[in-house]
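Given next are the chains, with one letter for each unit.
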Amino acid sequence: MSKTPFVTKEKIDEIVLHYPTPFHIYDEKGMIENVKNLYKAFSWNKGYKEFFAVKANANPFIVKKLMEYGCGCDCSSLTELMLSRAVGATGDDIMFSSNDTPEEEFDFCCKLGGIINLDDITHIAAVERSCGRLPERMSCRFNPGGVFTLSNGIMDNPGDAKYGMTEEQIFESFRIMKEKGVKEFGLHSFLCSNTVSSEYYPILSKILFELAVKLKNELDVKITFINLSGGVGVPYRPEEEKSDIFAIGEGVRKVYEEILVPEGMGDVAIYTELGRYMLAPYGGLVTKVINEKHTHKEYIGVDACAVNLMRPAMYGAYHHVTVLGKENEPETETYDVVGSLCENNDKFAIDRKLPKIEIGDYLFIHDTGAHGFAMGYNYNGKLKSAEILLKEDGSFELIRRAETPKDYFATFDCFAVYNEMIKL
Ligand SMILES: *Cc1c(COP(=O)(O)O)cnc(C)c1O
């Protein structure tokens, strides 16, 4: 089984004439098709809205493109709020699902009119202090604790997660906020990451819908939305199945009809905050082979490294690799594909079966559209790469230039060092 890149070797040969590797490239066509299908899958819910998790890919062109198709922005920091604002997001387009939040960031969110999704009960007072008073619409993040298991054995550990409030705290928060004049409430929870199971959203919905009914009945509060957050996964490995977004939407609809509608809550809007599902498959890291090394293992050295894509180094995540132009050649070799960081975990692939690679070959590292460039850093003085949009009509556009040494030195007080260097 294999995965096919959304871009051909011929196209990359053309692009590298303008922009050198490494770079992330994004597939506009795939991304648009996907967001349209997501909205179709939830079209049964009148108020449905996806708040794209900006942290997954904070390129303004990408965020703006998703907004054209109805998405809002899910933010968790000051600069993400700024970025969302800069691409045209207004109050109703902004969800602020942060945690360990610096108080002044609440103030900025209030000024934008965004929806604050509280991670902790103590933040009620923080919002009051920061914004002057509570906004009329507030949301809370729920953490049921314990272990969360799906029938296929996929498990996550909410009890160990730093996020969200206990059920008791949610009740207490709603009570306090109602007293202080909040009129519309939302509920949010994130229990399982990157699951391609169609069960996850429906099971999460059941938990949140039942809690919403209890809150409404016991506290007489108006719940206007339920936010299922992120977590819908993508198949990183070729043998994995895709998430079936229509089955997921239908599964949520059934639970909605069963639990909310009989309670007169058929007007509750469903929100999502997907990141990975929106973009991971529609991005790839293109990198050139610059070295090969034969010691105790066979190494292929490329011009990208973990600063461009951290997931393999950080959590041993699998990313499929295609040698462009050698898609149909037999996988006769076993390689470690490595970057140049002075860290032995800087490996994009370990013991990977691949066709025979030569210096100068271009590798396409799949599924980097989410949590790819966005997780970048500058370790070893490495610079962040460019980002390129492959447009629907086949043309390409630079949507972020690569960093230069000047960018790297820009935050040093001894900026003069850079000015001296470039004279050498
Ligand atoms: C990371 C995150 C998301 C997006 O998660 P994905 O797994 O990329 O879908 C959504 N909401 C919150 C609060 C997050 O932290």
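Residues numbered from 1 in each chain as written. Predicted model: local features only at pLDDT ≥ 70, side-chain atom pairs only at ≥ 80, totals over all residues. Heavy atoms only, no water.

**Considerations on the overall build of the chain**
Here comes step 1: The helix and strand inventory of the chain stands at 13 helices and 19 strands.
Here comes step 2: Over its C-alpha atoms the chain spans a radius of gyration of 23 Å, differing by no more than 12% from the 22 Å that the globule rule assigns to 424 residues.
Here comes step 3: For the chain, the spread of C-alpha atoms along the three principal axes comes to 70 × 55 × 45 Å.
Here comes step 4: Here the chain, with 424 residues, has 52% of them falling under the buried criterion.
Here comes step 5: Taking all contacts inside the chain whose residues are at least 6 apart in sequence as the whole, residues at least 24 apart take part in 69%.
Here comes step 6: Summing over all exposed atoms, the chain offers an accessible surface of approximately 18,900 Å²; the carbon and sulfur share of this is 50%.
Here comes step 7: Across the chain, the centroid of the 47 positively charged side chains sits 2 Å from that of the 64 negatively charged ones. (Helix = DSSP H or I, 4+ residues; strand = E, 2+ residues; numbered from the N terminus. Rg over C-alpha atoms; globule rule 2.2 N^0.38 Å. Buried < 20%, exposed > 50% of the residue type's maximum accessible area, 1.4 Å probe, protein only. Contact = heavy atoms within 4.5 Å. Areas by Shrake-Rupley, 256 points an atom, 1.4 Å probe, with all protein chains shown as cover. Lys, Arg positive; Asp, Glu negative; His and termini not counted. Charge placed at Lys NZ, Arg CZ, Asp CG, Glu CD.)

**Brief notes about the layout of surface pockets**
Here comes step 1: Reported here for the largest pocket is a volume of approximately 1,200 Å³.
Here comes step 2: Looking at the largest pocket, it is lined by 45 residues, and the ones nearest its centre are Lys-55, Phe-190, Ser-193, Arg-276 and His-371.
Here comes step 3: For the lining of the largest pocket, the secondary-structure elements that each account for two or more residues are β3 (72-75) and α11 (311-315).
Here comes step 4: Its residues placed into classes, the lining of the largest pocket shows 20 nonpolar, 14 polar and 11 charged.
Here comes step 5: If you add up the space inside the second largest pocket, you get close to 540 Å³.
Here comes step 6: Residue lining of the second largest pocket: 24 residues in total, with Pro-235, Lys-242, Pro-281, Tyr-282 and Asp-367 positioned closest to the centre.
Here comes step 7: Ranked by residues supplied to the lining of the second largest pocket, first place goes to helix α2 (residues 28-41) with four residues.
Here comes step 8: In terms of residue class, the lining of the second largest pocket is made up of 10 nonpolar, seven polar and seven charged. (1 Å grid on protein atoms, 1.4 Å probe; cavity = no way out; pocket = protein on both sides within 12 Å on 5 of 7 lines; lining within 4 Å. Points joined across faces, edges and corners; volume = space filled by probe spheres on them. Nonpolar A, V, L, I, M, F, W, Y, C, P; charged D, E, K, R; others polar.)

**What about the packing of aromatic side chains?**
Here comes step 1: Within this structure, the stated rule accounts for 14 aromatic pairs.
Here comes step 2: Where Phe-96 meets Phe-106, the ring centres are 6.1 Å apart and the plane angle is 85 degrees; that geometry is what we call edge-to-face. On the criterion of sequence distance, the pair formed by Phe-96 in strand β4 (residues 94-96) and Phe-106 in helix α5 (residues 103-112) is long-range, its members being 10 residues apart. Comparing Phe-96 with Phe-106, the two get one shared label, buried.
Here comes step 3: Put simply, the rings of Tyr-39, Phe-42, Trp-44, Tyr-48, Phe-209 and Tyr-256 touch in pairs and so form one group of aromatic residues.
Here comes step 4: The ring of Tyr-236 carries Arg-311 above its face, with NZ or CZ at 4.3 Å from the centroid. (Phe/Tyr/Trp six-rings, centres within 6.5 Å; stacked < 30°, edge-to-face > 60°. Lys NZ or Arg CZ within 6 Å of the ring centre and 35° of its normal.)

**Some points on the packing of helix α4 (residues 78-86) against α5**
Here comes step 1: At a minimum axis distance of 10 Å, the contact between α4 and α5 shows a crossing angle of 15 degrees. Between α4 and α5, the crossing angle belongs to the class labelled roughly parallel. Considering how the two elements wind past one another, α4 and α5 form a crossing that is left-handed. On α5, the residues that touch Leu-78, Leu-81, Met-82 and Arg-85 of α4 are Glu-105, Phe-108, Cys-109 and Leu-112. (Axes fitted to C-alpha atoms, helices over the stretch in contact; angles between N-to-C directions. Parallel < 35°, antiparallel > 145°, perpendicular 65-115°, else oblique. Left-handed = near helix turned anticlockwise from the far one by under 90°.)

**Looking at the pattern of salt bridges**
Opposite charge on two side chains permits pairing when their charged atoms draw close.
Here comes step 1: Tallied over the full model, the rule gives 26 salt bridges.
Here comes step 2: Note that Lys-65 and Glu-68 form a salt bridge whose closest N and O atoms lie 3.6 Å from each other. Of the two residues, Lys-65 and Glu-68 both sit in helix α3 (residues 60-68), three residues apart, roughly one turn of that helix.
Here comes step 3: By relative accessible area, which is 51% here, Glu-68 ends up exposed.
Here comes step 4: Glu-103 is the partner of Arg-129 in a salt bridge, and the nearest nitrogen-oxygen pair spans 2.9 Å. Here Glu-103 lies in helix α5 and Arg-129 lies in helix α6 (residues 123-131), a separation of 26 residues in the sequence.
Here comes step 5: Arg-129 gets classed as exposed once you look at its relative accessible area, which sits at 55%.
Here comes step 6: Here the salt bridges do not stand alone but share partners, grouping Lys-297, Asp-336, Lys-347 and Asp-351 into one network. (Salt bridge = Lys/Arg side-chain N within 4 Å of Asp/Glu carboxyl O.)

**What about the site of the ligand?**
Here comes step 1: Taken together, 14 residues lie around the ligand, and Lys-55, Gly-231, Glu-273, Arg-276 and His-371 are the ones closest in.
Here comes step 2: Within the contact set of the ligand, a nitrogen atom lies 3.3 Å away from a side-chain nitrogen or oxygen of Ser-229.
Here comes step 3: Between the ligand and His-371, the relevant distance is 2.9 Å, taken from an oxygen atom to a side-chain nitrogen or oxygen of the residue.
Here comes step 4: Protein burial of the ligand: of its 380 Å² of free accessible surface, 91% is covered by the chains.
Here comes step 5: Here the ligand is seated within the largest pocket. (Near = heavy atom within 4 Å. Polar contact = N/O pair within 3.5 Å; in protein donor to acceptor, adjacent residues only side chain to side chain. Sits in = over half its atoms within 2 Å of the grid points.)

**Side note on the sheet that holds strand β11 (residues 269-272)**
Here comes step 1: The eight strands are arranged β2-β3-β4-β5-β6-β9-β10-β11 in a closed barrel whose pairing can be described as parallel. For this sheet, the mean inter-axis angle between neighbouring strands, taken without regard to orientation, is 25 degrees.
Here comes step 2: Pairing between strand β9 (residues 184-188) and strand β10 (residues 223-227): four bridges, direction parallel. Pairing of Gly-186 across the sheet is with Phe-225, part of β10. (Pairing = 2+ DSSP bridges.)

**A few points about the pairing of strand β18 (residues 386-390)**
Here comes step 1: Where burial is concerned, most of β18 is hidden: five out of the five residues are buried.
Here comes step 2: Burial along β18 is two-sided: Ala-386, Ile-388 and Leu-390 and Glu-387 and Leu-389, pointing in opposite directions, are all buried.
Here comes step 3: In this sheet, β18 lies alongside strand β1 (residues 23-27) in parallel orientation, the contact comprising five bridges. Note on β18: the bridge partner recorded for Ile-25 is Ile-388.
Here comes step 4: Relative to strand β19 (residues 396-400), β18 runs antiparallel, the two being bridged by four bridges. When the bridges of β19 are listed, Ile-388 appears paired with Leu-398.
Here comes step 5: Linking β18 back to β19 in an antiparallel pair, the connection comprises five residues, with Gly-394 at a positive phi of about 95 degrees.

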